[in-house]
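Listed below are the residues making up each chain.
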Amino acid sequence: MRNMYLFKVVLIGDGGVGKTALRKKFMGEGFSGAYIMTIGADFAIKSIKLSDDAQIKFQIWDLAGQPHFKAVREAFYKGTSGVLLVYDVMRRNTFKNTVFWMEELIKNVGRIPVVLIGNKIDLRPMADAPPDPRRSWVSNEEGQILKRYLEERFDVPIVFIETSAKTGENVDLAFQELAYLLLQTVKNIKTI
Ligand code: G3D
Ligand code: MG
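Read on for a plain summary of the structure. Owing to the predicted nature of the structure, the values given are computational and were not obtained by experimental measurement. (Residues numbered from 1 in each chain as written. Chains lettered and ligands numbered in written order. Predicted model: local features only at pLDDT ≥ 70, side-chain atom pairs only at ≥ 80, totals over all residues. Heavy atoms only, no water.)

## Describing the pattern of salt bridges
This structure, assessed with the given rule, holds 11 salt bridges. One salt bridge connects D155 with R111, and the closest N-O pair in it is separated by 3.2 Å. A residue pair is termed long-range when its members are at least 10 positions apart, and D155 in the loop between helix 5 (140-154) and strand 7 (158-162) and R111 in the loop between helix 4 (98-108) and strand 6 (114-119) qualify at 44 residues. With relative accessibility at 54%, the residue R111 sits in the exposed group. Here D132 and R134 are joined by a salt bridge, their closest N and O atoms 3.1 Å apart. If you follow the salt bridges from partner to partner, you end up with D88, R91 and K120 in one network. (Salt bridge = Lys/Arg side-chain N within 4 Å of Asp/Glu carboxyl O. Helix = DSSP H or I, 4+ residues; strand = E, 2+ residues; numbered from the N terminus. Buried < 20%, exposed > 50% of the residue type's maximum accessible area, 1.4 Å probe, protein only.)

## So, the nonpolar core
Counting residues in hydrophobic clusters, the biggest one holds 31 residues, and the most contacted among them are F7, F26, I56, F58, L84, V115 and I117. Those elements that provide at least two residues to this core are strand 1 (3-12), helix 1 (19-27), strand 3 (41-51), strand 4 (54-63), strand 5 (82-88), strand 6, strand 7 and helix 6 (171-191). Here this core takes nine residues from helix 6, the largest share from any one element. Non-local contacts of V115, meaning those with residues more than four positions away in its chain, are made with V83, L84, L85, V159, I161, A174, E177, L178 and L181. Grouped together as the second largest cluster of nonpolar side chains are 27 residues, I12, W101, M102 and I158 included. (Core = buried A, V, L, I, M, F, W, Y, C linked by side-chain atoms within 4.5 Å. Contact = heavy atoms within 4.5 Å.)

Below, the structure written as structure tokens:
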């Protein structure tokens, strides 16, 4: 007996961090999403099998044009179950701005599971280095510190993962982690 779940997932984060690239990598080369002109968001569906008894269907939304219109953002966030919050490990600003994205998310949807993604690791000179705010690139340790900070400040479950949409490293894993987080919330709801 298989349990099937459908979750709406949104990709958020600053421009140029690799949201569209991650989505395309995850969906595969054959992907062609329905581009919804009126709201300026792409969405597409992909299923993943987590175990013999759990199949997850993701409806993945990626904001494209006209992101400043309030109505667009409301439609974008409406009914969202989970989030992929992406920053670019080569640009510290995008890392710092994750706080603002969290604020917007909470304001629009409430406290839902988040996978925090440090993307473009193929470009980073080294993964391991102690925190240093003067450096433009962001280390793995800094990402882990950010994860704990956001989790405490916003009181949401967060999984942290680093990816490369270019090489594909950890891309499937990022979506899988979100699936596990979402299933957890479903189970929590059932047992209340
Ligand atoms: P966005 O959707 O968040 O705005 P995009 O970002 O997916 O459009 O990506 C912005 C640019 O970064 C693109 O370059 C894309 O190819 C590149 N990019 C995305 N992810 C990675 C990655 O993991 N590694 C590397 N090296 N580049 C990445 P262009 O030149 O097409 O604008
Ligand atoms: Mg994009």
